[in-house]
Amino acid sequence: MNSSTCKDSVELLLEYLDGELNTELKARLEQHLDGCSPCEDFLKSYQATPALCRKALAREMPREVAAKLTDFLRSEMAKAAK
Amino acid sequence: MSLDAESRKIQGSAPLIPSEDTELLTRAQAGDVAAFEGLVERHRSRVFGLAQRMLNSADDAAEVLQESFLSAYRNLPNFRGDAQFGSWVYRIAANHALMRLRHRKVVNQVEGPLDGPQFNERGSLVEEVSDFRDAEGEAMDKELREAIEAAAARLGAEYREVFVLKDLEGLSYEEIAELTGSTVPAIKSRLHRARLSLRTAIDHFYQERS
Ligand SMILES: [Zn+2]
């Protein structure tokens, strides 16, 4: 069973990183990764992607948005109190 | 590897003590406006972050923020103390953001299959993979950030929602399934496609740079 391809291996990466692969698939993937440096590098890049995206897409709430929210809710609450 | 722990850290807000919420909530339910504002203050940045990343627009996120807290306010009498206020309002916001995301046409949205790795006819990887560096604590390269923003903006709604909820917000597959109405296997499959597409964009960025 050492016929697995890079393509097969890439398809297993999400479940592999989640620790959800069964013993057989995990062994097969690890065997492929051991003998395939492109896939080994690919795994590293796949694994690094979410953290890079979190960093790139992090946003602080602008102060004026917070101020507008407060004004909006105050006027709505005042309407409701009438 | 725990993405969840990592993403909590990145959200950067001080840990919230739920018992303080409970006290504020009791007062807010009794009509104390200042107490409700206290709750808003404690949870608004997390809600804004979710909506901003889901919708990729500060204006839309600001509207979701208003809608969500207004909806929470109107539903205060129905809220039962056995749930956390924070997760309740977060769920309201996630629903509002999802509805908006699904009802709008994403500009530059990818039609057809997303980008992914290239294989030859024998199923072997044909491209060289760049070395992804992510220096902890270091500010992100501006061009890399823009490349990631552009790639994330091209994701279709069904990819974007699972990627944001899992990889950026750190929700569990089960929580995402409940919010989106999708099955866990479908969520995993779309998340994998989204990651492959974003990975490709980052890879291209590094290839062009070197
Ligand atoms: Zn391989």
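Residues numbered from 1 in each chain as written. Chains lettered and ligands numbered in written order. Predicted model: local features only at pLDDT ≥ 70, side-chain atom pairs only at ≥ 80, totals over all residues. Heavy atoms only, no water.

### Thoughts on the packing of helix α5 (residues 85–103) of chain B against helix α7 (residues 157–168) of chain B
All names here are of chain B.
At step 1: Contact pair α5 / α7: the axes reach a minimum separation of 9 Å and the direction vectors enclose 155°. For the element pair α5 / α7, the angle class is roughly antiparallel. Relative to α7, α5 is oriented so that their crossing is right-handed. Facing Leu-98, Leu-101 and Arg-102 of α5, the residues of α7 in contact are Ala-157, Arg-160 and Glu-161.
At step 2: In terms of residue class, the contact of α5 with α7 is made up of three nonpolar, no polar and three charged. (Axes fitted to C-alpha atoms, helices over the stretch in contact; angles between N-to-C directions. Helix = DSSP H or I, 4+ residues; strand = E, 2+ residues; numbered from the N terminus. Parallel < 35°, antiparallel > 145°, perpendicular 65-115°, else oblique. Left-handed = near helix turned anticlockwise from the far one by under 90°. Contact = heavy atoms within 4.5 Å. Nonpolar A, V, L, I, M, F, W, Y, C, P; charged D, E, K, R; others polar.)

### Section: the interface of chain A and chain B
At step 1: Opposite the 43 residues of chain A that make contact, chain B presents 54 residues.
At step 2: At the junction of chain A with chain B, the criterion picks out six salt bridges.
At step 3: Among the salt bridges present, the one from Lys-188 of chain B reaches Glu-15 of chain A, with a minimum N-O distance of 3.1 Å.
At step 4: Linking chain A with chain B are 13 residue pairs in polar contact (both at pLDDT 80 or more).
At step 5: Top contributing element to the side of chain A that touches chain B by residue count: helix α4 (residues 37–57) of chain A, with 17 residues.
At step 6: By residue class, the composition of the side of chain A that touches chain B is 25 nonpolar, five polar and 13 charged. (Salt bridge = Lys/Arg side-chain N within 4 Å of Asp/Glu carboxyl O. Polar contact = N/O pair within 3.5 Å; in protein donor to acceptor, adjacent residues only side chain to side chain.)

### Some remarks on the coordination of the zinc ion
At step 1: Around the zinc ion, the protein supplies Cys-6 of chain A (SG), His-32 of chain A (NE2), Cys-36 of chain A (SG) and Cys-39 of chain A (SG) as donor atoms, at distances of 2.0 to 2.3 Å.
At step 2: Here the zinc ion binds four donor atoms, and the angle range of 103 to 114° at the metal identifies the geometry as tetrahedral. (Donors = N, O, S within 2.8 Å, 3.2 Å for Na, K, Ca; no water. Tetrahedral: all angles 85-135°; square planar, octahedral: opposite > 155°, others 65-115°.)

### Observations concerning the pattern of salt bridges
At step 1: Per the counting criterion, the structure on display carries 26 salt bridges over all chains.
At step 2: For the salt bridge of Glu-149 of chain B with Arg-59 of chain A, the shortest nitrogen-to-oxygen distance reads 2.5 Å. Pair noted here: Glu-149 of chain B is in helix α6 (residues 142–154) and Arg-59 of chain A is in the loop between α4 and α5 (63–81), and the two residues belong to different chains.
At step 3: Taken together, the shared-partner salt bridges connect Asp-60, Glu-63, Glu-67 and Arg-100 of chain B into one network.

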